[in-house]
Number of protein chains: 2
Amino acid sequence: MSTPRPTILKIGGSVITDKDEELAARTAVINRLSEEIQEAGIQDLIVVHGGGSFGHPLAQKYGIKEGFKEEAQKIGFSETHHIMTVLNGLFMDSLIWHNIPAVSITPSSCVITENGRIKSFEDTALRTLLKMGFLPVLYGDAVLDTKLGFTILSGDQLVATLASQFDAKRIVIGVDVDGLYDSDPKANKAAKMLTHLTLGELKKLHSGLGKSTTRDVTGGMFGKVSELLFAIEQGIPVTIVNATEPNLVCKALKGDNVKSTVIEKE
Amino acid sequence: MSTPRPTILKIGGSVITDKDEELAARTAVINRLSEEIQEAGIQDLIVVHGGGSFGHPLAQKYGIKEGFKEEAQKIGFSETHHIMTVLNGLFMDSLIWHNIPAVSITPSSCVITENGRIKSFEDTALRTLLKMGFLPVLYGDAVLDTKLGFTILSGDQLVATLASQFDAKRIVIGVDVDGLYDSDPKANKAAKMLTHLTLGELKKLHSGLGKSTTRDVTGGMFGKVSELLFAIEQGIPVTIVNATEPNLVCKALKGDNVKSTVIEKE
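Residue numbers run consecutively from 1 along every chain, following the written order of its sequence. In the order they appear in the text, chains get letters beginning with A and ligands get numbers beginning with 1. Local features in this predicted model are restricted to residues whose pLDDT is 70 or higher, and side-chain atom pairs enter the listing and the counts only when it is 80 or higher, whereas totals over whole chains, interfaces and linings include all residues. Hydrogens and waters are ignored; side-chain quantities use all the structure's heavy atoms.

Asker: Just checking my understanding: could you explain the relation of the copies chain B and chain A for this structure?
Answerer: Superposition of the copies was done by least squares, using only C-alpha atoms of residues whose pLDDT is at least 70 in both. Superposing chain B onto chain A takes a rotation of 180 degrees combined with a translation of 0.0 Å along the rotation axis, leaving an RMSD of 0.0 Å. Taken together, the rotation angle and the small translation identify this as a two-fold axis. Counting the interface residues of chain B, we find that 100% of their copies in chain A are interface residues as well, pointing to one common contact surface. Contacts are assigned to residue pairs that have any heavy atoms within 4.5 Å of one another.

Asker: I tried to follow the pairing of strand E14 (residues 261-264) of chain A on my own but got confused; where do I start?
Answerer: Looking down a regular strand, the side chains alternate between one sheet face and the other. All names here are of chain A. Looking at chain direction, strand E12 (residues 196-198) and E14 are connected through 3 bridges and run parallel. Directly across from His 196, in E14, lies its bridge partner Val 262. A pair of strands is labelled paired if DSSP reports no fewer than 2 bridges between them. Numbering goes from the N terminus for both helices and strands, where a helix is a DSSP run of H or I of at least four residues and a strand is a run of E of at least two. The pairing of strand E13 (residues 238-242) with E14 spans 3 bridges and is classified as antiparallel. Looking at the pairing, Val 238 lines up with Ile 263 of E14.

Asker: Help me out: how do you make sense of the environment of Leu 228 of chain A in this one?
Answerer: Residues and elements named next belong to chain A. Looking at the element boundaries, Leu 228 is found in the loop between helix H9 (221-227) and helix H10 (229-233). Taking the C-alpha atoms as reference points, Leu 228 and Leu 158, separated by 70 residues in sequence, lie 9.8 Å from one another. Ignoring anything within four residues of it in the chain, the contact list for Leu 228 reads Asp 156, Val 159, Ala 160, Ile 171, Ile 173 and Val 238.

Asker: Can you walk me through the interface of chain B and chain A in this structure?
Answerer: Accessible area lost when the parts come together is the quantity often used to give the size of an interface. Taken together, the 35 residues of chain B in the interface contact 35 residues of chain A. Buried area adds together the accessible area that both of two parts lose upon being put together, with accessible area traced by a 1.4 Å probe. Of the roughly 2,800 Å² buried between chain B and chain A on both sides combined, carbon and sulfur atoms contribute 70%. The salt bridge definition used is simple: a Lys or Arg side-chain nitrogen within 4 Å of an Asp or Glu carboxyl oxygen. Along the contact surface separating chain B from chain A lie 0 salt bridges. Polar contacts here mean pairs of N or O atoms no more than 3.5 Å apart (in protein, one a potential hydrogen donor and the other a potential acceptor; neighbouring residues in sequence count only if both atoms are side-chain atoms). Where chain B meets chain A, there are 11 residue pairs in polar contact (both at pLDDT 80 or more).

Asker: Help me out: how do you make sense of the sheet that holds strand E5 (residues 117-121) of chain B in this one?
Answerer: Sheets are built from strands paired through backbone hydrogen bonds, the pairs being either parallel or antiparallel. Residue and element names in this part refer to chain B. In spatial order, the strands read E5-E4-E7-E8; together these 4 strands make up an open sheet with mixed pairing. In this open sheet, the two strands that pair with only one neighbour each are E5 and strand E8 (149-153). Pairwise comparison of adjacent strand axes, ignoring direction, gives a mean angle of 45 degrees for this sheet. Pairing of strand E7 (residues 141-145) with E8, which is carried by 5 bridges, proceeds in the antiparallel orientation. Residue pairing in the sheet places Asp 141 in a bridge with Leu 153 of E8. Packed onto the sheet, helix H7 (residues 155-165) meets E5 and E8 and runs at close to 50 degrees relative to E5. For helices, the fitted line uses only the C-alpha atoms of the stretch in contact; every axis is such a line through C-alpha atoms, and the angle between N-to-C directions lies from 0 to 180 degrees.

Asker: Sorry, what's going on with helix H3 (residues 52-61) of chain A here?
Answerer: The periodicity of an α-helix, 3.6 residues per turn, causes residues three or four places apart in sequence to face the same way. All names here are of chain A. Throughout, exposure labels follow a simple rule: accessible area from a 1.4 Å probe, protein chains only, divided by the maximum for the residue type, with under 20% read as buried, over 50% as exposed, and the rest as partly exposed. Burial in H3 covers these residues: Gly 52, Ser 53, Phe 54, Gly 55, Leu 58 and Ala 59. Taken together, the buried residues of H3 touch helix H1 (13-16), helix H4 (73-97) and strand E8 (149-153). Backbone geometry just after H3 places Gly 63 at a positive phi near 60 degrees.

Asker: What's the story with the state of the cysteines in this structure? I'm lost.
Answerer: One way to say it: the disulfide is the covalent bond shared by the sulfur atoms of two cysteines. Here, two cysteine sulfur atoms that lie within 2.5 Å of each other are counted as a disulfide. As enumerated under the stated definition, the model contains 0 disulfides over all chains in all. Here Cys 110 of chain A is not disulfide-linked; the sulfur of Cys 110 of chain B is the nearest cysteine sulfur, at 7.2 Å. For Cys 110 of chain A, a relative accessible area of 6% corresponds to the buried category.

Asker: I'm lost on the packing of aromatic side chains in this one. Help?
Answerer: For any pair of aromatic rings, the description consists of the separation of the ring centres together with the inter-plane angle of the planes. Side-chain rings of Phe, Tyr and Trp (the six-membered ring for Trp) are treated as a pair once their centres are within 6.5 Å; stacked means planes under 30 degrees apart, edge-to-face means over 60, and tilted covers the remaining angles. In the structure shown here, the tally under the stated rule is 6 aromatic pairs over all chains. For the pair Phe 68 of chain A and Phe 150 of chain A, a centre-to-centre distance of 5.7 Å together with 65 degrees between the ring planes defines the contact as edge-to-face. Separated by 82 residues along the polypeptide, Phe 68 of chain A in the loop between H3 and H4 and Phe 150 of chain A in strand E8 bring together distant segments of the chain. Its relative accessible area of 32% is what places Phe 68 of chain A among the partly exposed residues. On the basis of relative accessibility, which here comes to 0%, the residue Phe 150 of chain A falls in the buried class. Ring geometry for Phe 77 of chain A and Phe 134 of chain B: centres 5.2 Å apart, planes at 50 degrees, overall tilted. Pair noted here: Phe 77 of chain A is in helix H4 and Phe 134 of chain B is in the loop between helix H6 (124-132) and strand E6 (135-139), and the two residues belong to different chains. For Phe 134 of chain B, a relative accessible area of 2% corresponds to the buried category. Following the ring pairs from residue to residue traces out a cluster consisting of Phe 68, Phe 77 and Phe 150 of chain A together with Phe 134 of chain B. We call a charge positioned over a ring when the NZ of a Lys or the CZ of an Arg lies within 6 Å of the ring centre and within 35 degrees of the ring normal. Against the face of Phe 134 of chain B rests Lys 74 of chain A, its NZ or CZ located 5.7 Å from the ring centre.

Encoded structure:
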């Protein structure tokens, strides 16, 4: 039996946690998203979620992303990984409660990076889960790195690698804004949302942004999207929706018309 | 840098949970064991724990060990794996709280079995964690199986495989009895504890037991030990101690003289 081409759903850490407060999970949002995933009822789905106020503050406190420099960081690596399993546990609880046969895959148990980029991904379990009709769930995690000792693997890099490795049908990215804007919608009320972009237009936008400022003026969204360029180049379309608004993730999963930014190769 | 020869500590599910009640973790015992592991302060340690009243009732309810037979079992596989991550999370919480750089390795993310026996174990992360001086923690888990679809991987089988794969220095088995008896100490007050056994004596005992009854008259302990025969044959000594009694695990880890059953090749 060949591996089915999956849809990959990324749920941002800022959707399922309150980024302004440490360890503040939005369990009501997690529950609503589980319901939406159940209602969409699509086959061959992989879910990846971010770390938000669970993983990020600890990773930052101990400089985990920058790699192993001193013994004192080791407990920080342990804490960062552990707290991500706690957030993941809340999501798994909710998915299973909604009768979804979801199974978590622990990135740090099967992924090794090299200078922060995925070097090997032992995906036999994930592939088998997909074939059997389970919903595999992964997350941004503290992982081991051949050069740095350890580092942070972002959910976005995971999504891009999975999409490419499994030749995904499509990618749905659930964030806390309506889509990709030409400037930061949280800072600039006149920011214009882009509903459809080709890869060429996206690259042009990127170089334009690059000229105007070194900061990511789209409010961090472009950084996320640039991680996905490789997958888009492979012909995998990306839909960005606001996952803090009810039903948009469900509709996007079903392929319904929905307020979003769609990025396609051509 | 070559992988150090680790000591492997198994903590039985009946030690850290109350087997007579569902989902009853003995958090005070978990805390005491974390303290003992910290106090023993030995390098190159791997911890494996069982499922007790977390994993077993769910695994049994859905017939997970017997393999995939019908769709309705799938949510059972999800639940069994998830509940084991919850028990493991309690242990990780406690170890990290005691300032031990412990990192959980999820068996179902990196182990595949064939007819219930480990077929592949992608151990790069585990090996790297050991080399870096972390404490890897694994547990009995619901795993995928090439023939059965899925099954249960016992902590005992994990211990034996790890011991062999990493050429362990020694194995310490923490259980809820004082050691290996010539009959079930919970049923028979006259049961005699065996303090030292060679592999030959163990096998003789086994064949004796086999003649007397088909049930495991040692109260389940022989079943656990027989899983370790291969490791003992490789020259890895096994020490069985009562982990429900304070300080015995700590002393056994340090190699101190302690009430126990020691099984050696010769």
